[in-house]
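Architecture at a glance
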Amino acid sequence: NKTENQMLVIFGASGDLTARKLIPAIFNLYKGKHLPKNFVVLGISRSNLSDEDFRQRVVYDSQYLKDELNGANDAFVKGFADMLYYEDLGDNYDTDYSGLRARIEKLSSAHGTGSNMIYYLSTPPNLYEIIAKNLSDQDLTREENGWKRIIVEKPFGYSLETAKELNDALHKYFEEPQIYRIDHYLGKETVQNLLVTRFANSIFEPLWNRNYIHHVEITNAESVGVEKRGGYYDKSGALRDMFQNHLLQIVSLVVMEPPIGPNAEEIRNEKVKALKSIRIMRDEETLYKNTIRGQYLAADVNGEQVKGYREEDGVDPESTTETYAAIKFFVDNWRWADVPFYVRTAKRMPTKVTEVVIHFKTPHHQIFKDAGFANKDNKLIIRVQPDEGMLMKFGVKVPGQGFKVERANLDFYYSSLTDTHVMTAYERLLLDAMQGDATLYARADEVEAAWEFVDPILDYWANGKEVRTYGYSAGMWGPQNADDLIEGLYMWRNPGK
Ligand code: BG6
């Protein structure tokens, strides 16, 4: 794909995300020779920094580039740093952008970047509309000579209503194809591989339905707590922070029908259909039975005394915000009728892992009843992270007399494919946006469909009767009540460290 000359303008450039994710991603694109010939980054924020200060901060002094710069050629690094510029917006993002416009024009003519622009909003969402409006007032959104794209970070809304408001606000200044809503999970290779596993093979897809699949389980566990983000997290919680976006995106890729082709609109049309077919839970009894929330409690984790959630900085000591969420739901369509989905996400688990487990049904007629091997063990495990890859579990005959069956693993690791640099999520997503490919970005209707499902759960958790936030010890696999969500002979699969 061709990457045309362009300028990337980052709003919120003195913030953490810019230093931690964006600049390292751009550096790697530079290293991999993916950047166009004429390219500059203009960082914008309210801190009083010069171009040199900015370069010093996000390149030379950055802890996030330390490893990359170690031993790198000075001229090469300088070549990168010299692409970065900074503009101080003063006290407020809601201001006259004529100075900014003049700066953009000056940089564009000095570097020959033309009029193709990406605006990356790494700011709180309440600034999205303000920034879009002020850009528009200066004619900086008009696509007359070159294209204009806007990338927005999550959280995209706080509820269905606020997500709609945000979409409406952005649509005043940008057309939908110009808007790139980032969900960094879509930038992960293994998440994209869900599509390839399903639609580039003929061995999985025929089984990918209610006739053969017993249930689907998705686990997203982190070993860290809320770190320094207590203030933000306490108003958000696991359902908003992870489930509404990253996990429902994964669900949509597991659930969707085959798209007609691999382009952005075709894939996203199917994802929206998938999200819309998730059965929305509305009555209290259903919500009570199928949703569990929990909060981590202080504990000794591997010899380290870890704080409980309510003791974290920025968190209300009486907070009921969830750091653990487990939801059981159904997908009402031809393919998935009656197949339960169990999805959970949490902080302060024993390990960091994200995986999708497809549990196949037991054979209809069991010949090897005394096999010692539980027939229910046919599973396909898609490891999103870490140890990216896939694991298939099936039964094999134990050599010797009779028919003793034992479990065997067919294990594939991504790392065995290549030892070249695999792009990080931000590298991949940035490059896609630079090339105008929105396949891995969430469309307005996808985001709204995800909120449609999540909204009643949030409402129930905030206002319902008999709602509890269950405690679980930090470093454990969540509250015991979550085990009761999975019925019958099954249990959550808790992957080892
Ligand atoms: C972010 C959440 O979107 O994803 C964080 O806000 C979370 O709370 C992070 O820690 C997890 O991302 P990853 O890529 O480390 O799984």
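Residues numbered from 1 in each chain as written. Predicted model: local features only at pLDDT ≥ 70, side-chain atom pairs only at ≥ 80, totals over all residues. Heavy atoms only, no water.

We now examine the overall build of the protein chain. A tally of regular secondary structure across the protein chain gives 15 helices and 17 strands. Compactness check: the protein chain gives a C-alpha radius of gyration of 24 Å against a globular reference of 23 Å for 497 residues, within 12% of the reference. Its C-alpha atoms give the protein chain principal-axis dimensions of about 80 × 50 × 50 Å. Of all 497 residues assigned to the protein chain, the portion counted as buried reaches 55%. Here the contacts in the protein chain between residues at least 6 apart in sequence split such that 77% fall between residues at least 24 apart. In the form shown here, the protein chain has an accessible surface area of approximately 22,900 Å², with 49% of it arising from carbon and sulfur atoms. Averaging the positions of the 60 positive and the 73 negative side-chain charges in the protein chain gives two centres separated by 4 Å. (Helix = DSSP H or I, 4+ residues; strand = E, 2+ residues; numbered from the N terminus. Rg over C-alpha atoms; globule rule 2.2 N^0.38 Å. Buried < 20%, exposed > 50% of the residue type's maximum accessible area, 1.4 Å probe, protein only. Contact = heavy atoms within 4.5 Å. Areas by Shrake-Rupley, 256 points an atom, 1.4 Å probe, with all protein chains shown as cover. Lys, Arg positive; Asp, Glu negative; His and termini not counted. Charge placed at Lys NZ, Arg CZ, Asp CG, Glu CD.)

For the rest of this paragraph, the subject is the UniProt feature "active site" (unreviewed entry) in the protein chain. In this numbering, the UniProt entry assigns the feature "active site" (unreviewed entry) to His246. Mapping His246 onto the fold places it in helix α10 (residues 238-255). Every residue in contact with His246, bar those within four places of it in the chain, is listed here: Lys154, Asp183, His184, Tyr185 and Asp241. A polar contact of 2.7 Å, which involves the side chain of His246, links it to the side chain of Asp183. (UniProt positions renumbered as here; feature names shortened; annotations may be inferred. Polar contact = N/O pair within 3.5 Å; in protein donor to acceptor, adjacent residues only side chain to side chain.)

Bringing the site of the ligand into the picture now. Residues in close proximity to the ligand include Lys154, His184, Tyr185, Lys188, Glu222, Arg229, Asp241, Met242, His246, Lys347, Lys352 and Gln385, which together make up its full environment. Here Tyr185 contributes a side-chain N or O atom positioned 2.4 Å from an oxygen atom of the ligand. Within the side chain of Lys188, a nitrogen or oxygen atom sits 2.6 Å from an oxygen atom of the ligand. For the ligand, the accessible surface in isolation is 400 Å², of which the surrounding protein chains cover 81%. Of the residues forming the shell around the ligand, the biggest block, three residues, is contributed by α10. When the residues that make up the shell around the ligand are grouped by side-chain class, the tally is two nonpolar, three polar and seven charged. (Near = heavy atom within 4 Å. Nonpolar A, V, L, I, M, F, W, Y, C, P; charged D, E, K, R; others polar.)

Below, the discussion takes up the sheet that holds strand β6 (residues 179-181). On the basis of which strands lie adjacent, the open sheet formed by six strands has the order β3-β2-β1-β4-β5-β6 and parallel pairing. Of all the strands in the sheet, just β3 (84-88) and β6 have a single pairing partner and so form its edges. Looking at each pair of strands side by side, their axes are set apart by 20° on average, direction ignored. One ladder, built from six bridges, connects strand β1 (residues 6-11) with strand β2 (residues 39-45); its direction is parallel. Across the sheet, residue Leu8 finds its bridge partner in β2, namely Val41. Along the sheet, helix α2 (residues 51-60) contacts β2 and β3; its crossing angle with β3, the most-contacted strand, is approximately 120°. (Pairing = 2+ DSSP bridges. Axes fitted to C-alpha atoms, helices over the stretch in contact; angles between N-to-C directions.)

This part takes up the sheet that holds strand β12 (residues 341-346). Here nine strands make up an open sheet; going across it, the order is β16-β15-β14-β13-β7-β12-β11-β8-β17 and the pairing mixed. The two strands at the open ends of the sheet, each matched to only one other strand, are β16 (405-413) and β17 (470-473). Put simply, the sheet's adjacent strands are angled 20° from each other on average, direction ignored. Examined bridge by bridge, strand β8 (residues 291-297) and β17 share four bridges and lie parallel to one another. Within β17, the position partnered with Tyr296 by the bridge is Tyr472. Helix-sheet contacts for α10 involve β7 (213-221), β11 (324-329), β12 and β13 (353-360), and the interaxial angle to β12 is about 145°.

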